[in-house]
Each structure stands twice: as C-alpha cells, then as structure tokens.
Amino acid sequence: MRAMDLFSDTDLTLQSLQAVIRVAEQFKEKYKRAPVFMEVCGSHTMAFARSGIKKRLNDHVELISGPGCPVCVTDQKSIDAMITLGESPNRILCTFGDMMRVPGSRHSLMTAKAAGNDIRVVYSPLDSVKIAEENPDKEIIFLGIGFETTIPILTLAIREAEKKGIMNYSVWMTTKLVEPAIRALLDAGEVKLDGFLLPGHVSVVMGEEKYGFLPKEYGMSGVISGFEPVQLLSGMYKLMALLLEGKPGIINDYQSVVTKKGNRFAQEMMDRYLTPFGEEWRGMGVIPDSGLVLRDRFSLYDAKKKFQISMDQPRKTKCRCGEIIRGLIKPEECVLFNKGCTPLNPIGPCMVSTEGTCSAHYQYMRED
Amino acid sequence: MITITEEQALVDVLGSQMYVGILFVPEVKVGDYVLLHAGQAMTVVDETYANESIKEWREIIRESDGPVL
Ligand code: SF4
C-alpha cells in the first residue's frame, strides 16, 4: 500500500485514535483539564468533522474551529458589494462555487443568476481570463476570495491577462492572510488556547518558518498537519507531546509537501503583483495588513478601482458567524442552527461554505 | 504527471486526465505526484518523506501501550 493511502487506512486510524486518547489523558492528569486546540483552516474543520474524529475525541480534546474558511471570514458589506457587482448588463461575474449561495443582505449570487445576470462558476481564475478573451464586448470580473493558497493563483490570472493584452478583465480582491488573523485572535485574548493545528495548504506556499512568531512572541505551539485521518491524529498527538514537554515550538508534520521556506515562485508572484492592505474580517473588524491588494501599477485589473460600488450598512441578522470564526461559540449555541438556518436555507456563510464550521456540524455532528 | 510543456502538464487525477499549470513547480518531472489547487500544481509531493513519516508514526503508536478504546 502507498504511504498516501495509509494516511486514511481504517486500522491505522483506530490505532492513532488510541494513541491520541492516551496522550490526552496524560495531559488531563497533568493540567486537570482537557487540552484546547484551534484548527485554523476550514479544510481541517471539515476533515475533523467528516472523519468522525472530532466527535470521537469530544471527551478528550476540545477542538475549536478558527478563522480559516475564506468565504466565512469575508465581511457582509463586501459580500453585498460582490452580489451588486454581478447585477449589471454587459458584465460576466466569475467566482469559485462556494460563493454562489452565500446570503447577501438582499439575496445571493444564485438568485441574481436566476434573475438573468451572467454569473459563472469557474474551477480556476485562469478560466475567467479565457472567458474575457472570448467576450471582448463585456467586462469580466473574478471574485478573488482566498488565503495564501489561492492568492498566488490570482496573480497568475493577472499575469495571463497582462500577457495577452486583455483590457476587459479585472479581479475583485478580498484576500486574507493567516498570520495577522492568528495574531489578532491571540492579542484579543478572548479565546483560551493551548496550541494550533496549522493549515497544511497555506503552509505549502508560506513555509514552516512563517510560524516562528508563535513560540517566540506568544509562547504558543503549533503543528502543521495534513488532512487525512492519520495525519490529523498524528498532528494532534505531536502537539500534545510538545505541550507535555513544556517547550513551545512548531512541528512540521506535513513535510511531504511543506518545506521550511515554502514555495518561492508563488511568493515571488505575490510580491510582484500585490501589496499589504487592511482587510475587514467578519466579526473581527479591520486588521492591519491582513490582506493583499493589487499594486498601483496593476490598477487596470483592480475591479474595486474600475467599478466603484458603495454599499449601505448590511442588515443585522441573528447569525453568529462572527463569533464562530473567532472560536467563541459552537454552531449549536446559535439559536438558528438547524432551525431557521440549514444548508438548504442558510442564514450565514458558515452554513454554506464547504469549509464552514456550521456546515461541518450540520452535516456530520448533529445529535438528532 | 504524464507529459510536461513549459507552463502546463497533463496529469492523472483519480483516473481522469487533465491539464494543470506548473509555473509554481518548475522542478516537476514526469511520474511525480503533485498537490493541486484550483488547476495549479502547488508543490511536488515528496513520497520518501511520506513513507518515512508513516514508519515513524507506527513506531510512536507501538511505543504507547494498552488499549484505551
Ligand atoms: S447556524 Fe447559521 S445563523 Fe447561526 S451562526 Fe451558523 S450560519 Fe450563522
């Protein structure tokens, strides 16, 4: 059997579970409470829920989901602006599929599309450049939502448009960076954590050394982990071992794809096209330098400059996604969970996205 | 990874073939496994490390004793 298949092997998963439970019990004995970890990445949230690991470890480890689902952390005003952007003739709005059903203050992109607006789901931002090439009489806008894994690919789309001299193409950038979000959470001090399970794919781009600030400045430990059941469990085990040793550190438990310095080519592309910007996060406000926007010399491709859209303050709802992404409450604590809010009738983005915490709990962790 | 051109490569994804971008992995060779995201290869998978990490993890599990489940 190939190593990559073994990471989801049932026997090895069960043995790994036992090992994690054992070390969690040691932690409990030493500190008289269960360890509390945050998984920063939305794909980890889903993987923990889908594999059943989160439920199985309920009595042993407290796992809190963090601000790692790109759609969920996008503030409501920004979502409303993106939907409005698509509601105009002579435009084709392109997006990743996750955005289509995210509720805006009035309606979603899906509703806007049903009303006749040209809104298309693409697999890659580069597909949207092709659409621009094929539709020279229309403005094509790509909704550039994402963390460090996706951001380099947005720059490839700009590079492609530049290379082909395409003028009817732009990207609506609402990108987010992981480090400033982790810092903001720790600085706010609202959520009490023992350590982090660090995002595997973001780390592919940014590298292991990116997290040096955690032990150095916050005395916090973290483990970079993969997404298969055995990888999730091995990551947790190693995080607890670090805590029991009492020496804060970072372990790269995903070295098959994550290097110390990350992907140099992707980082160079980000640096060439983009510059830091204070992005607004759902429930967290504006965090300085927490996103990347196009440098001035690429303004031609900047949809925010090309199409000035001003939005009213969004309608207030009872949705508590803002607290969910800060790790302050579990989905079950929201009065709307599984009542007014379900995947078929989502009230907030956390119930829609394939990486959303409410969606993960609804699909895999409901008691009824 | 099946065939490679300057910016693209033909890959096998669970039995179906598709073209992916390889600008971020100029070192990629035919036969390599890559991690894909939105149509781009983001890194070449180091299979040697994957094998070693499984071996090391089995060792850790073996060392801890007695079933808890
Ligand atoms: S259950 Fe629905 S309304 Fe409640 S926080 Fe989650 S997405 Fe928002």
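Note that this is a predicted model, so its numbers are computed, not measured.

A.B. asks: Tell me about the nonpolar core, residues and numbers included.
C.D. replies: If you look at the biggest cluster of nonpolar residues, it comprises 102 residues, and the most contacted ones within it are Met99, Tyr169, Ile182, Phe196, Leu198 and Leu214 of chain A. Looking at this core, the element that brings in the most residues is helix H9 (residues 151–163) of chain A, giving 7 residues. Counting the residues that make up this core, at least three belong to each of domain 1 (75–177 + 262–306) and domain 2 (321–364) of chain A. Every residue in contact with Phe196 of chain A, bar those within four places of it in the chain, is listed here: Met38, Val40, Ile182, Leu186, Leu214, Met220, Ser221, Gly222, Val223 and Leu239 of chain A. Ranked by size, the runner-up nonpolar core spans 34 residues in total, among them Phe27, Leu57 and Val223 of chain A together with Ile60 of chain B.

A.B. asks: Just give me the short version of the packing of aromatic side chains, but keep the residues and values in it.
C.D. replies: Residue and element names in this part refer to chain A. What the rule picks out here adds up to 8 aromatic pairs over all chains. Residues Phe227 and Tyr254 carry aromatic rings whose centres are separated by 6.2 Å and whose planes lie at 75° to one another, so their mutual orientation is edge-to-face. Here Phe227, found in the loop between strand E8 (221–224) and helix H13 (229–245), pairs with Tyr254, found in the loop between strand E9 (250–252) and helix H14 (264–273); they are 27 residues apart in sequence, far enough to count as distant. The ring of Trp281 is capped by Lys176, whose NZ or CZ atom sits 5.7 Å from the centre of that ring. The ring of Tyr362 carries the charged tip of Arg366 above its face, separated from the ring centre by 3.8 Å.

A.B. asks: Requested: an account of the sheet that holds strand E4 (residues 119–121) of chain A, with residues and values cited.
C.D. replies: Residues and elements named next belong to chain A. The sheet built from 4 strands is open, its strands ordered E4-E3-E5-E6 with parallel pairing. Only two strands of the sheet have a single partner each, and these edge strands are E4 and strand E6 (169–175). In this sheet, neighbouring strand axes are inclined to one another by 25° on average, regardless of whether the strands run parallel or antiparallel. Sheet topology places strand E5 (residues 139–146) next to E6; 7 bridges connect them, and they run parallel. From the neighbouring strand, Ile145 faces E6, where its bridge partner is Thr174.

A.B. asks: Tell me about the interface of chain A and chain B, and please be specific about residues and values.
C.D. replies: At the junction of the two partners, chain A supplies 44 residues and chain B supplies 33 residues. Both faces considered, chain A and chain B share a buried interface measuring about 3400 Å² in area, 68% of it formed by carbon and sulfur atoms. Of all residues in chain A, the largest losses of buried area upon contact with chain B belong to Arg22, Tyr123 and Ser256 of chain A, amounting jointly to 17% of the total for that side. One can count 3 salt bridges joining chain A with chain B. Across the salt bridge formed by Lys238 of chain A and Glu56 of chain B, the nearest N and O atoms sit 2.9 Å from each other. Viewed at the interface, chain B and chain A are joined by 10 residue pairs in polar contact (both at pLDDT 80 or more). Of all the secondary-structure elements, those providing two or more residues to the side of chain A that touches chain B are helix H1 (3–6), helix H2 (10–31), helix H8 (125–134), H9, helix H11 (200–206), H13 and H14 of chain A.

A.B. asks: So what's going on with the pairing of E6 of chain A? Which residues, and what values?
C.D. replies: Extensive coverage of E6 of chain A is indicated by the burial of 7 of its 7 residues. Regarding the hand of the β-α-β motif, the stretch spanning E5 of chain A, H9 of chain A and E6 of chain A is right-handed.

Reading the values: the criteria
Every chain begins its residue count from 1, and numbering advances along the sequence as written. Written order decides the labels, with chains lettered from A and ligands numbered from 1. Under the rules for a predicted model, residues below a pLDDT of 70 receive no local features and side-chain atom pairs below 80 are neither given nor counted, while totals for whole chains, interfaces and linings still include all residues. Only hydrogens and water are set aside when side-chain values are computed; all heavy atoms of the structure are taken into account. For this analysis, a nonpolar core means a set of buried residues of the types Ala, Val, Leu, Ile, Met, Phe, Trp, Tyr and Cys, connected via side-chain atoms within 4.5 Å. Accessible area is worked out with a 1.4 Å probe on protein chains only. A residue is then buried under 20% of its type maximum, exposed over 50%, and partly exposed in between. What counts as a helix is a DSSP run of H or I of at least four residues, what counts as a strand is a run of E of at least two, and both are numbered from the N terminus. Residue ranges for the domains originate in an automatic or database domain assignment. Note on contacts: a residue pair qualifies if any of its non-hydrogen atoms lie within 4.5 Å across the two residues. Any Phe, Tyr or Trp ring, taking Trp's six-membered ring, that has another such ring centre within 6.5 Å forms a pair; planes under 30 degrees apart are called stacked, those over 60 apart edge-to-face, and the others tilted. For a ring to carry a charge above it, either NZ of a lysine or CZ of an arginine must fall within 6 Å of the ring centroid while also lying within 35 degrees of the normal to the ring plane. What makes two strands pair is DSSP finding at least two bridges between them. Note on method: axes are straight lines fitted to C-alpha atoms, helices fitted across the in-contact stretch only, with angles between N-to-C directions ranging 0 to 180 degrees. Accessible area that two parts lose when put together, with a 1.4 Å probe and added across both, is what the buried area reports. Each reported salt bridge corresponds to a side-chain nitrogen of Lys or Arg within 4 Å of a carboxyl oxygen of Asp or Glu. Here a polar contact means two N or O atoms within 3.5 Å. Within protein one must be a hydrogen donor candidate and the other an acceptor candidate, and residues neighboring in sequence count only if both atoms are side-chain atoms. Whether a crossover is right-handed comes down to one check: with the strands pointing away from the viewer, does the path from the first strand over the helix to the second run clockwise; if it does, it is right-handed.

Worth remembering: the numbers are spatial, not functional.
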